[in-house]
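Examining the three-dimensional arrangement
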Amino acid sequence: MSKIPVYFMPGLAASPTIFEYINLPPETFEVHLLEWVLPIGNESLKSYAKRMAEKVIHDDAVLIGVSFGGVLVQEMKQFLNPKKVIIISSVRCNLELPNRMKIAKSTKAYKLLPTGLMQDVELLTKYAFGDMLKKKLKLYEKYLHMRNKSYLDWAIEQMICWKRIKIDPEIIHIHGDADEVFPAKNIKQFINVKGGTHSMILNKYKWFNINLPKIILGE
């Protein structure tokens, strides 16, 4: 029996290193890590998803996306014939977005975010006050790979202005009940990870290593 190809897409601006603790049995699964690329001008999410879908070289692959990566793999689905699409710490339609994002959309407040600061996390770390903030910035420095301002501006707008209003029932949604970015109270149906925060792909990896193979195989 051939191995099941599994493609992982990280969250907004994140590097594939966020999956460093995820271990799928190598005798069953063939893992591929996708990375963010720069958008072409004011590219639509659909156009971007089509370009990213070209990186999936297997038929009947499993697509797994985290956060905004979860939004992207849902958009990639229309250009592929995936075996399964699984999203983690994400949303299945714009109705599940928190109110603050809906307000940011209507007021266009997201355009005021100082995304240029993300380009120099090292400098932010140097001048950060307090150990907790320094620790968090160190994590950003390690895992946030795509810090290009044009990408960040584009990605934030695509996330907040996502047009999907109808949930695709085929999408499998894994979500933490302590997610601070996309609160679970706004999510209709999901596989609950108890105590899981928005970064649970890093700190709940043991849960994923036990359960993700079963979810992919439909056990």
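Above: the structure in question.
Residues numbered from 1 in each chain as written. Predicted model: local features only at pLDDT ≥ 70, side-chain atom pairs only at ≥ 80, totals over all residues. Heavy atoms only, no water.

Bringing the overall build of the protein chain into the picture now. Scanning the protein chain from N- to C-terminus turns up 8 helices and 6 strands. Across the 219 residues of the protein chain, 47% fall into the buried class. For the protein chain, long-range pairs separated by at least 24 residues make up 66% of all intrachain contacts whose partners lie at least 6 apart in sequence. Accessible surface, the protein chain as shown: approximately 11700 Å² in total, 57% of it carbon and sulfur. (Helix = DSSP H or I, 4+ residues; strand = E, 2+ residues; numbered from the N terminus. Buried < 20%, exposed > 50% of the residue type's maximum accessible area, 1.4 Å probe, protein only. Contact = heavy atoms within 4.5 Å. Areas by Shrake-Rupley, 256 points an atom, 1.4 Å probe, with all protein chains shown as cover.)

Position of glutamine 158 among the secondary structure elements: in helix H6 (residues 149-160). When its relative accessible area of 14% is taken as the criterion, glutamine 158 is described as buried.

With that settled, the discussion passes to unusual backbone geometry. The phi torsion at alanine 13 lies on the positive side, around 70 degrees, for a residue other than glycine. Residue serine 67 is not a glycine yet carries a positive backbone phi of 55 degrees.

In this section: the packing of aromatic side chains. For the coordinates displayed, the defined rule picks out 9 aromatic pairs. A centroid spacing of 5.6 Å and a plane angle of 50 degrees characterise the contact between tryptophan 36 and tyrosine 151, whose relative ring orientation is tilted. With tryptophan 36 in the loop between strand S2 (29-33) and helix H1 (45-53) and tyrosine 151 in helix H6, this residue pair connects regions lying 115 residues apart in the sequence. Taken together, a centroid distance of 5.1 Å and an interplanar angle of 80 degrees make the contact between tryptophan 207 and phenylalanine 208 edge-to-face. Look at tryptophan 207 and you get partly exposed, because its relative accessible area is 23%. Note on phenylalanine 208: relative accessible area 0%, which makes it buried. Taken together, Trp36, Tyr48, Phe68, Tyr151 and Trp154 form an aromatic cluster joined through their ring pairs. (Phe/Tyr/Trp six-rings, centres within 6.5 Å; stacked < 30°, edge-to-face > 60°.)

The next point concerns H6. Taking 1.5 Å as the rise per residue, H6 with 12 residues should run 16 Å; its terminal C-alpha atoms sit 17 Å apart, in good agreement. Close packing links the buried residues of H6 with H1, helix H2 (68-76) and helix H3 (99-107). (Expected span 1.5 Å × (residues − 1).)

Looking now at the environment of glutamate 157. Looking at the secondary structure, you find glutamate 157 in helix H6. Residues glutamate 157 and lysine 105 lie 52 residues apart in sequence; the distance between their C-alpha atoms is 8.2 Å.

Across the sheet, 6 strands lie side by side as S2-S1-S3-S4-S5-S6; this open sheet has parallel pairing. Each edge of the open sheet is held by one strand with a lone partner, namely S2 and strand S6 (191-193). The mean angle between the axes of side-by-side strands here comes to 20 degrees, regardless of whether they run parallel or antiparallel. Of the pairings in the sheet, the one linking strand S4 (residues 84-88) to strand S5 (residues 172-176) comprises 3 bridges and is parallel in character. Pairing of isoleucine 86 across the sheet is with isoleucine 172, part of S5. Contacts from H2 reach strand S1 (4-9), strand S3 (62-66) and S4 within the one sheet, and its direction differs from that of S3 by about 145 degrees. (Pairing = 2+ DSSP bridges. Axes fitted to C-alpha atoms, helices over the stretch in contact; angles between N-to-C directions.)

On to the environment of tyrosine 7, then. Position of tyrosine 7 relative to the elements: it lies in strand S1. Along the sequence, tyrosine 7 and glutamate 30 sit 23 residues apart, while their C-alpha atoms lie 8.5 Å from each other. Beyond its immediate chain neighbours, meaning those up to four positions away, tyrosine 7 contacts His32, Leu34, Lys55, Val56, Ile57, His58, Ala61, Val62, Leu63 and Ile64. Reaching out from tyrosine 7, the side chain makes a polar contact with the backbone nitrogen of isoleucine 57 at a distance of 3.1 Å. (Polar contact = N/O pair within 3.5 Å; in protein donor to acceptor, adjacent residues only side chain to side chain.)

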